[in-house]
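Residue strings, one per chain:
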Amino acid sequence: MTDTRLITSPVSTAAPAALEIIGVRKDFETFSALRDVHLRVNPGEMLCFLGPSGCGKTTLLRIIAGLETQTAGQILQNGKDVSWLSPDKRDYGIVFQSYALFPNLSIAENIGYGLVNSRAKRGEIKARVEELLKLVGLPTSGNKYPSQLSGGQQQRVALARALATRPGLLLLDEPLSALDALERIRLRGEIRRLQKQVGITTIMVTHDQEEALSMADRIVVMNHGVIEQVGTPMEVYEQPATPFVADFVGKVNVLRSVALGNHRFQVGDMELECDACDGAFDPGEAVNLYLRPEDRAVEHLRDDTPNRLRAKVTKVEFLGGLCIAEVTADALHGQVLGLHFSLNQLHDLDIREGNTIDIALRANRIRAFSAASTPKP
Ligand SMILES: Nc1ncnc2c1ncn2[C@@H]1O[C@H](COP(=O)(O)OP(=O)(O)OP(=O)(O)O)[C@@H](O)[C@H]1O
């Protein structure tokens, strides 16, 4: 198979990159936290570094900020080499997970802090702080203190403070993870709206795939110190470049199979067709087939519909409007599939434990990866 590790969505190389990361490596003594990372960030885009704990996303963000020094490689901002500049000489604003506001300063003073340091005039600072308070939806909170605000409000203030000096780059290090679920959802919408309104190039670190899918223009999926894929949320979800990406972003079923050639795979007693697979598997090769829970058809099935099977429902998990049914079929030799059904479909098709249903696995949605490339759990 071709090496899919560095598959990226096409980006224009005509416009200068807002940020370019070239061959960055980071070693902590004998441990390599980042290995040969290359990335171009386009002006005005929102990029999310997504990956499991320890994959190196925070280290990469800290290197961009100058809070950590790379072992090798370069960082260019708007074409200028900033690799060895101290943090205060770089052009960015940053928001951390913990709000990190000065408790003894008012909200207005917190927001204006960087402007005071830059020796802006008092009138200018006042006007800018008022503008930012409005921008983050806290127009009347300037005289309050951090302890009088909720976590979400404090994070809005941290955001306003990061934007105060009109930096060229906004860095967000897990800015939502200290908030409760509702506030997280509210604030992620607000950050995205604000980012678009200001038009600032933004990089956000998160381990939450839903956050990345809902907020990013492009997602950088990282694992063990390398970039596995860069793409739009839709690309990363629908065309995962590696088994890790398929597994980490969204839910997925994995069926063990043997390649038969010509886009066909033997799973138990069934031959599955897989239109989207590139066919570069040797017949007899062990291949894992990846199928999202929604990639099943239940209506308009004909005798010649590919990948059609009769399955037994072994479990139904009621989750509200969208439910998960676990099904298995003798033909699949006991391999279990978790499939999404709407609540209405559960009722209409009488999908409940012990019943059998006719389904088809969507041939154009199955992804195939050599079993040899699948990460061990
Ligand atoms: N100062 C350090 N000294 C030694 N090892 C470090 C140091 N900082 C980070 N690491 C290691 O580098 C790896 C990457 O860490 P990093 O914090 O970048 O991961 P992450 O993807 O941001 O994970 P998390 O979401 O848990 O913060 C981890 O294995 C971590 O233990």
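Since this is a predicted model, take the numbers as computed values, not measurements.

So, on to the overall build of the protein. The helix and strand tally for the protein stands at 9 helices and 20 strands. For the protein, the share of sequence-separated contacts (at least 6 apart) that also reach a separation of at least 24 residues comes to 67%.

Moving on, we come to the confidence of the model for the protein. Per-chain confidence: the protein averages 90 in pLDDT, with 94% of residues scoring 70 or above. Counting contacts from residues 1-12, a segment whose pLDDT is below 50, to residues more than four positions away or on other chains yields 19 contacts. Here the prediction assigns the complex a pTM of 0.89, and the interface score ipTM is 0.94.

Turning to helix α2 (residues 107-117), a few remarks are in order. Restricting attention to buried positions, one finds in α2 the residues Ile-107, Ala-108, Asn-110, Ile-111, Gly-112 and Leu-115. Those residues of α2 that are buried are in contact with α3 (122-135) and α4 (151-163). Directly beyond the C-terminal end of α2, a positive phi value near 60° is found at Arg-119.

Spatially, β13-β12-β11-β14-β20 is the arrangement adopted by the 5 strands of the open sheet, whose pairing is antiparallel. Whereas interior strands pair on both sides, the edge strands pair on one side only; in this sheet they are β13 (270-273) and β20 (367-370). Pairs of neighbouring strands in the sheet enclose a mean axial angle of 45°, with direction left out of account. Two strands pair when backbone bridges link them, and strand β12 (residues 264-267) and β13 are joined in this way by 4 bridges, in the antiparallel orientation. Bridge pairing in β13 links Phe-265 to Leu-272.

Three or four residues apart is the spacing at which side chains of an α-helix point the same way, because the helix has 3.6 residues per turn. Helix length check: α4, at 13 residues, gives a terminal C-alpha distance of 19 Å against a target of 18 Å (1.5 Å per residue), a fit within 8%. When you tally the buried positions in α4, you get 11 out of 13 residues, the bulk of the element. For α4, every residue scored as buried is listed here: Gln-153, Gln-154, Gln-155, Arg-156, Val-157, Ala-158, Leu-159, Ala-160, Arg-161, Ala-162 and Leu-163.

Turning next to the site of the ligand. Every residue near the ligand is listed here: Phe-28, Ala-33, Gly-51, Ser-53, Gly-54, Cys-55, Gly-56, Lys-57, Thr-58, Thr-59 and His-207. Here the shell around the ligand gets 3 residues from one element, more than from any other, and that element is helix α1 (residues 57-65). A per-class count over the shell around the ligand returns 3 nonpolar, 7 polar and 1 charged.

Rules used throughout
Residues numbered from 1 in each chain as written. Predicted model: local features only at pLDDT ≥ 70, side-chain atom pairs only at ≥ 80, totals over all residues. Helix = DSSP H or I, 4+ residues; strand = E, 2+ residues; numbered from the N terminus. Contact = placed C-beta atoms within 7 Å. pLDDT = per-residue confidence, 0-100. Buried ≥ 20, exposed ≤ 12 C-beta atoms within 10 Å, placed from the backbone. Pairing = 2+ DSSP bridges. Axes fitted to C-alpha atoms, helices over the stretch in contact; angles between N-to-C directions. Expected span 1.5 Å × (residues − 1). Near = placed C-beta within 6 Å. Nonpolar A, V, L, I, M, F, W, Y, C, P; charged D, E, K, R; others polar.

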